[in-house]
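Reading the structure
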Amino acid sequence: MLPELGHFVLILALLLALLQAFFGLAGPALGRERWTGAVSAALAGQAVMVGTAVACLVHAFVTDDFSVLYVAENSNSALPLFYRVTALWGAHEGSLLLWILLLALWSVAVALRSGSLPASFAARVLGVLGLVSFGFLLFTLATSNPFARLEPAAPDGRDLNPILQDPGLAVHPPILYTGYVGFAVAFAFACAAMLEGRLDQAWARWTRPWTSWAWAFLTCGIALGSFWAYYELGWGGFWFWDPVENASFMPWLVGTALVHSLAVTDKRGLFKSWTLLLAILAFSLSMVGTFLVRSGVLVSVHSFAADPSRGMFILAFLIIMIGGALTLYAWRAPLLRSSAGFELGARESFLLFNNVLLVTAAATVFAGTLAPLIADALNLGTLSVGPPYFNPTFLLSMLPLVGLLALGIHANWKRGRLRDKQRLLLVTALVAALLAAGVAFGVYSGPHVLTPVAMTLGFWIALASLVDPLDRWRRGLSLPRAVLGMTIAHLGLAMAVIALTTVQSFTVERDVALAPGESARVGGYELRFEGVRHVEGPNYDAIAGSFALTHHGQPVRTMQPQKRQFWVQHQVTSETAITMDHGNNLLLALGDDLGAGRWSVRVQVRPLVTLVWLAALVMAIGAFIAASDRRYRVTAAALAPGTVLPERVRG
Amino acid sequence: MNRFLVPLGLFVLLAVVLGIGIRHAPEKGIIASPLLGKPAPEFALPALADPTRTVRSQELRGRWYLLNVWGTWCAECRAEHAMLLRVKQAGLVPLIGLDWKDDEQQAQAWLSQLGNPYETVIVDRSGRAAIDWGVYGAPETFLVSPAGVVVYKHVGALTEDTWAREILPRVQGNKS
């Protein structure tokens, strides 16, 4: 019975979401205050229904109800309890339900915090969110019902995808989705502001903390995904520009631009139409990402089972939501006029560059991700774009971005008086260059042309970010959370730049020939060859080499790369051995038998990979801190006089 | 011209591309299945009828065969069963069953109850072979050529339509 109840309450949730959208949008538009007031009731109902539906599905999983198709396909009676719960989002239907639940939770959070917002504005925000909820609920019920029954019930379930039976990958989707869905809030605020004609600075201030929260979750989610997929599964890298990875990375890039552009709109009342556009774009990219992953138009290693009818539905939904928002934008944005100007060297200019470069980066990733589709649409045949495209084009916009950041932190709002800080800039740059040179030539050797440049930029950002907080501390001034958070996030970026440069430049790869008992030194590690032995697999014979790995005399572990020969096709494959030690990623591949017991071995040492993920975590922590700044809790009433002159737009 | 219309225009363009992408998706999903055109994964698995006998993939070389992934827990498979029996009756291409993550006794009972369309059924208890074949869900059917190359993959229950349009022409050499 419970699955039917789940299905039923999901239908109720759909109706309530529709009511929520109707009351939220029609109430303020027609000036019906009672409708406006009913929005939060509809939302509360919707959230309770969605929560009940999720509880029903979790119950089915926990009690091994294999008469539910989704449970039979994604669980098993032998599955540990923890994974039976996380199996909820193990496949398409359940992940959609999770998406809907998170959207409801975000909406409730907005409703609870909306006391300080004008009633009509808050209603419109919740109305837009209701529309998004409605779309996703309709999608779920129409194409991907998680409560579909299996007749007759399966005696046991097929089990959760083994890749997902890992604590990291199990908690990764909720965090990632929280980020994705969080951009819906910024989207709803932007749409509400345009509908309301209230395009002053206030909406930007209201939106800022929400956007920062969403951004922080998305950052964590991406980093976790990268960490577990590539560290635990041992793929030997951290980013592959796979469509599914790109689908989460594009909203992240635009979201980063949005966080910065909101700051300008909030503080200076500039970039208003641009900020609106970014708010629409960030969520649109989240939805397009979902579309790309779910519809099967792109092929990826991570893809869920693709279904074109689902694709058609999402596309229709995208056209309504994004098309609607962009139409609203085309209608409202021309009415915006920026009242203030700024000089070239002012902080506004730097943030403008930041935005342009981030959006350019997102656009290049987008173009690369969609290239196979575009080629297909134009009948140019099958085309695939990989790291040779992504790496350089991405770097092209990222290097100047990072360089301008160190300068921009020192710039003042409005006036371009960087000259006042000339000495400070020179000193920090010089120290950074020395540090970079020390690392590049001292610790590691054999740098690439760009290595010292990127390294210097990384250190420069770190030093430059610390100047202002240190100055405040020295003068005994308080350090607002917004500034503290920004500083931490920028330090995280500096870490990321340094770590990425190190990995890209100082990865050591060597082919060595060893006889049993001989050893070789590679990247600070000593590798002792202990010999090979014969192993038989289910359908192959293998030669397994055994290598004792030591680091400065300390034994690390024994690595056993294999060389497999499959019986029938006589195809030979190399099974690499991968391990992590002190943040370094080591990879061994057995080469050829050189005769007389000697073997060639390929050794790869990637230094500081762990720092890449750590850097992302630091950035996210910074955003969390900034989002909790007290400044954002100021009520609308207290905010209105002085800071904001609402420039009401008549439309 | 209103420059604020530019994003909308770009989006419309994107929607068109995505729409075309969806139209091409079904065929593309098949082309993109990494196994197509590649040698079938090798396996050595126990036979359902006699667990002491190991069936090796190389024994199947030299003739066409359909590898059908099924399990007694799979409802679609029950629906597909009648179609499989018709394939057997046609006698044109042998069916090899891959009993996936299943209880052997139940599988035996299933076959004696519903009829056995398979020439041989092999047992993949651990699901390792299914991973090698890139199986996402049961039922799935692979058409393997005499040279041991996977030439076609069908996801979901086999239908008359797929049989007549995709499988028969390939076996009879009218389609590659």
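Residues numbered from 1 in each chain as written. Chains lettered and ligands numbered in written order. Predicted model: local features only at pLDDT ≥ 70, side-chain atom pairs only at ≥ 80, totals over all residues.

Here we come to the overall build of chain B. Tallying secondary structure elements over chain B gives five helices and seven strands in all. Secondary structure of chain B in N-to-C order comes out as α-β-β-β-α-β-α-β-α-β-β-α. Relative to its length of 176 residues, chain B is extended, with a C-alpha radius of gyration of 20 Å against a globular reference of 16 Å. Seen through its principal axes, chain B has C-alpha atoms that stretch 75 × 35 × 30 Å. Split into buried and exposed, the 176 residues of chain B put 35% on the buried side. (Helix = DSSP H or I, 4+ residues; strand = E, 2+ residues; numbered from the N terminus. Rg over C-alpha atoms; globule rule 2.2 N^0.38 Å. Buried ≥ 20, exposed ≤ 12 C-beta atoms within 10 Å, placed from the backbone.)

In terms of regular secondary structure, chain A is built from 18 helices and 10 strands. Each of the 651 residues in chain A was classed as buried or not, and the buried ones make up 51%.

Let us now look at helix 7 (residues 167-196) of chain A. Here helix 7 of chain A contains 30 residues, and its C-alpha end-to-end distance of 45 Å stays within 8% of the 44 Å for a straight helix at 1.5 Å per residue. Among the 30 residues that make up helix 7 of chain A, 26 are buried, leaving the element largely enclosed by the rest of the structure. (Expected span 1.5 Å × (residues − 1).)

Residue and element names in this part refer to chain B. Residues with a pLDDT of 70 or more make up 91% of chain B, whose mean pLDDT is 83. Ranking the elements of chain B by mean pLDDT puts helix 1 (residues 6-32) last with 74 and strand 3 (residues 65-70) first with 93. In the model, residues 28-32 has pLDDT below 50 throughout and makes six contacts with residues more than four positions away in sequence or in other chains. (pLDDT = per-residue confidence, 0-100. Contact = placed C-beta atoms within 7 Å.)

With that settled, consider unusual backbone geometry. Across the chain, the bulk of peptide bonds are trans and the bulk of non-glycine residues have phi less than zero. Residue and element names in this part refer to chain A. Within the chain, Phe271 stands out as a residue other than glycine whose phi angle is a positive 55°. Note on placement: Phe271 falls in the loop between helix 9 (243-268) and helix 10 (272-295). Assessed through the 23 C-beta atoms surrounding it within 10 Å, Phe271 is described here as buried. Of note, the phi angle at Leu608 is positive, near 60°, even though the residue is not glycine. With respect to the helices and strands, Leu608 occurs in the loop between strand 10 (598-606) and helix 17 (609-627).

The next thing to look at is the domain arrangement of chain B. On domain assignment, one finds that chain B holds domain 1 (1-32) and domain 2 (35-171). Put simply, the middle of domain 1 of chain B and the middle of domain 2 of chain B, counted by C-alpha atoms, are 38 Å apart. (Domains from an automatic or database assignment.)

For the rest of this paragraph, the subject is the sheet that holds strand 4 (residues 95-100) of chain B. Residues and elements named next belong to chain B. Across the sheet, which stays open at both edges, the five strands sit in the order 5-4-3-6-7 with mixed pairing between neighbours. Each edge of the open sheet is held by one strand with a lone partner, namely strand 5 (120-124) and strand 7 (150-155). Across the sheet, the mean angle separating the axes of adjacent strands is 20° when strand polarity is ignored. Bridge count between strand 3 and strand 4: five bridges; the pairing is parallel. Bridging across to strand 4, Leu66 finds its partner in Leu95. Together, strand 6 (140-144) and strand 7 form the strand contacts of helix 5 (residues 160-171), whose direction differs from that of strand 7 by roughly 165°. (Pairing = 2+ DSSP bridges. Axes fitted to C-alpha atoms, helices over the stretch in contact; angles between N-to-C directions.)

The predicted coordinates ought not to be read in detail in places where the model reports low pLDDT. For chain A, the average pLDDT comes to 85, and 89% of its residues sit at 70 or higher. Counting interchain partners and residues more than four positions distant, the pLDDT-below-50 stretch residues 300-305 of chain A has 15 contacts.

So, about the packing of helix 1 (residues 2-30) of chain A against helix 2 (residues 33-62) of chain A. All names here are of chain A. Between helix 1 and helix 2, the least distance of the axes is 7 Å, while the angle of their chain directions is 160°. Taken as axis vectors, helix 1 and helix 2 run roughly antiparallel relative to one another. Seen along the crossing, helix 1 lies across helix 2 with a hand that is left-handed. Partitioning the contact of helix 1 with helix 2 into residue classes produces 24 nonpolar, nine polar and no charged. (Parallel < 35°, antiparallel > 145°, perpendicular 65-115°, else oblique. Left-handed = near helix turned anticlockwise from the far one by under 90°. Nonpolar A, V, L, I, M, F, W, Y, C, P; charged D, E, K, R; others polar.)

When two helices pack together, you describe them by how their axes are tilted relative to each other and by the distance separating the axes. Residue and element names in this part refer to chain A. Running from N to C, helix 16 (residues 481-506) and helix 17 cross one another at 165°; their axes reach a closest spacing of 7 Å. In this view, helix 16 runs roughly antiparallel relative to helix 17, as classed from their interaxial angle. The handedness of the crossing between helix 16 and helix 17 comes out as left-handed.

Right, let's talk about the sheet that holds strand 1 (residues 508-514) of chain A for a bit. Two orientations exist for strands paired in a sheet by backbone hydrogen bonds: parallel and antiparallel. All names here are of chain A. Pairing is antiparallel across the open sheet formed by four strands, whose spatial order is 1-10-9-8. Lying at the two open borders of the sheet, with one neighbouring strand each, are strand 1 and strand 8 (577-581). Each neighbouring strand pair of the sheet contributes to a mean axis angle of 25°, computed without reference to strand direction. Here seven bridges tie strand 1 to strand 10, and the two strands are oriented antiparallel to one another. Among the inter-strand pairings, Val512 is bridged to a residue of strand 10, identified as Val601.

All names here are of chain A. Core analysis: the largest hydrophobic core is formed by 238 residues, its most contacted members being Leu103, Ala184, Ala186, Phe189, Val254, Ile280 and Ile461. The element contributing the most residues to this core is helix 7, with 20 residues. Non-local contacts of Val254, meaning those with residues more than four positions away in its chain, are made with Leu278, Leu281, Ala282, Leu285, Val359 and Ala362. Within the second largest apolar cluster, 16 residues are counted, among which are Leu514, Phe529, Phe547 and Val601. (Core = buried A, V, L, I, M, F, W, Y, C linked by C-beta atoms within 7 Å.)

Residue and element names in this part refer to chain A. In the sheet, strand 4 (residues 540-551) pairs with strand 5 (residues 554-559) via five bridges, with the strands oriented antiparallel. In the sheet register, Thr550 faces strand 5, and the bridge partner there is Pro555. Between strand 4 and the antiparallel strand that follows it, strand 5, lie two residues; His552 among them carries a positive phi value of about 50°.

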